[in-house]
Amino acid sequence: MSLSGEQAATANAVVIKKYANRRLYNTATSTYVTLDDLSDMVKKGTDFVVYDAKSGEDITRSVLTQIIFEEESKGQNLLPIKFLRQLIHFYGDSMQAFVPGYLEMSLESLTKEQDKLRQQLAEIWGADPFKAMQEQTERNMAMFHDAVRMFNPFAAAMANQQPQQRPQGQAGPKDQPPAPAGKDDLQALKDQLSAMQRKIDAIAGGK
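Fair warning: this is a prediction, and the values are worked out from it, not measured in the lab.

Quick notes on the nonpolar core
Residues V14, I16, L24, V33, L35, L38, M41, F48, V50, I59, V63 and I67 constitute the largest nonpolar core, which totals 12 residues. For this core, the secondary-structure elements that each account for two or more residues are β1 (14-18), α2 (35-43), β4 (48-52) and α3 (60-73). A per-element tally of this core places α2 first, with three residues. Dropping the residues within four chain positions of it, I59 is found in contact with K18, V50, Y51 and D52.

Focus on the sheet that holds strand β2 (residues 24-26)
In space, the four strands of this open sheet follow the order β3-β2-β1-β4, with mixed pairing throughout. The outermost strands of the open sheet, each flanked by one partner alone, are β3 (31-33) and β4. Across the sheet, the axes of successive neighbouring strands diverge by a mean angle of 35°, strand direction being ignored. As paired strands, β1 and β4 are joined by five bridges and run parallel to one another. Note on β4: the bridge partner recorded for V15 is V49. Across the sheet, α3 lies against β1 and β4, angled at about 110° from β4, the strand it touches most.

Digging into the environment of T27
When you line up the elements, T27 lands in the loop between β2 and β3. Classification of T27 as partly exposed rests on a relative accessible area of 34%. Along the backbone, T27 and K17 are 10 residues apart, and their C-alpha atoms lie at a distance of 7.4 Å. Among the polar contacts listed, one links the side chain of T27 to the backbone oxygen of V15, at a separation of 2.7 Å.

Section: unusual backbone geometry
In the Ramachandran plot, R22 falls in the positive-phi region, its phi being about 70° despite a non-glycine side chain. In this fold, R22 is placed in the loop between β1 and β2. The phi torsion at S30 lies on the positive side, around 55°, for a residue other than glycine. Its location among the elements puts S30 in the loop between β2 and β3.

Details of the pattern of salt bridges
Going through the model one piece at a time under the given rule, you end up with one salt bridge. One salt bridge connects K74 with D36, and the closest N-O pair in it is separated by 2.8 Å. Placement of K74 in the loop between α3 and α4 (81-90) and of D36 in helix α2 is noted, with a sequence separation of 38 residues between them. For D36, a relative accessible area of 40% translates into the label partly exposed.

A closer look at a nonpolar patch on the surface
Residues L107, L110 and L117 make up a contiguous nonpolar surface patch of about 290 Å² in total accessible area. When you line up the elements, L107 lands in helix α5 (residues 99-125).

Topic: the side chain of E71
By secondary structure assignment, the location of E71 is in helix α3. Of the side chains bearing the opposite charge, K43 lies closest to the buried E71, which forms no salt bridge; the N-O distance is 4.2 Å. When neighbours within four sequence positions are excluded, E71 is seen to be in contact with S39, K43 and Q76.

A word on α3
With 14 residues, α3 extends 20 Å between its outermost C-alpha atoms, agreeing within 8% with the 20 Å of an ideal straight helix rising 1.5 Å per residue. Following α3 by one or two positions, G75 adopts a phi angle in the positive range, close to 100°.

Procedures and definitions
Residues numbered from 1 in each chain as written. Predicted model: local features only at pLDDT ≥ 70, side-chain atom pairs only at ≥ 80, totals over all residues. Heavy atoms only, no water. Core = buried A, V, L, I, M, F, W, Y, C linked by side-chain atoms within 4.5 Å. Buried < 20%, exposed > 50% of the residue type's maximum accessible area, 1.4 Å probe, protein only. Helix = DSSP H or I, 4+ residues; strand = E, 2+ residues; numbered from the N terminus. Contact = heavy atoms within 4.5 Å. Pairing = 2+ DSSP bridges. Axes fitted to C-alpha atoms, helices over the stretch in contact; angles between N-to-C directions. Polar contact = N/O pair within 3.5 Å; in protein donor to acceptor, adjacent residues only side chain to side chain. Salt bridge = Lys/Arg side-chain N within 4 Å of Asp/Glu carboxyl O. Patch = residues over 30% accessible without salt bridge, like charges linked within 9 Å, V, L, I, M, F, W, Y side chains within 5 Å. Areas by Shrake-Rupley, 256 points an atom, 1.4 Å probe, with all protein chains shown as cover. Lys, Arg positive; Asp, Glu negative; His and termini not counted. Expected span 1.5 Å × (residues − 1).

Structure follows, in C-alpha cells:
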C-alpha cells in the first residue's frame, strides 16, 4: 500500500520530542533545540514532526503555530489584522473544512511563483525593490505638492507678494495695502500653469 504525500513526508521527517519542561529534543542530532532553530529548519526546507515525549501525541501544528506567534511578537508582522479576523470568523463556520485546503493551495502557488516574482521586481525596481518603491512614492508626493501649488495661482500670487524680512529694529509702513498684481505676475502664473500641464502630459504619456 503506497503512502500519501503527507504520510511520506512525515515518514521521512526529523522527529522532535517535546518534554514536560518545554524543552525540544532533536532526535536526528541528539541535541536540544529552540523554536528559533525549528524556524530555521522550516526556512531551509527541513521537514520535521513534533511529538509529546510523554503521550506520543503529534503536536506539530501547535508548535508551528507557536513559532508564528513568536515571529509576530518580534515585529515580523506577516499576517494582516483583517486576515486574522476573517480566519477567526471561519472557525465553526460551514466553510471551515474548505479553508485549510484553500490556504494551502494558495501558498503553494505563491511559493512556486516567488522566484519569478522576485526577478520581475528586480527588473522593474533594481536590486532593492522596496527602497526603489519608497523613493518613487516620495517623488510622486513631491510632484503632487507641485501640482497643488501650480493649480492654486492665488496662493502663489500671495506668496510672491509677502513682504521681505526687515532687519531687527527697522519699522515698515503700517496698513499699507498689497500692490496689485501686474502683467508680469499674471504672465508668471500662466507660465507656471503651462509648465504643470506639460508635466501632466509627460506623466500620462509614460504610463
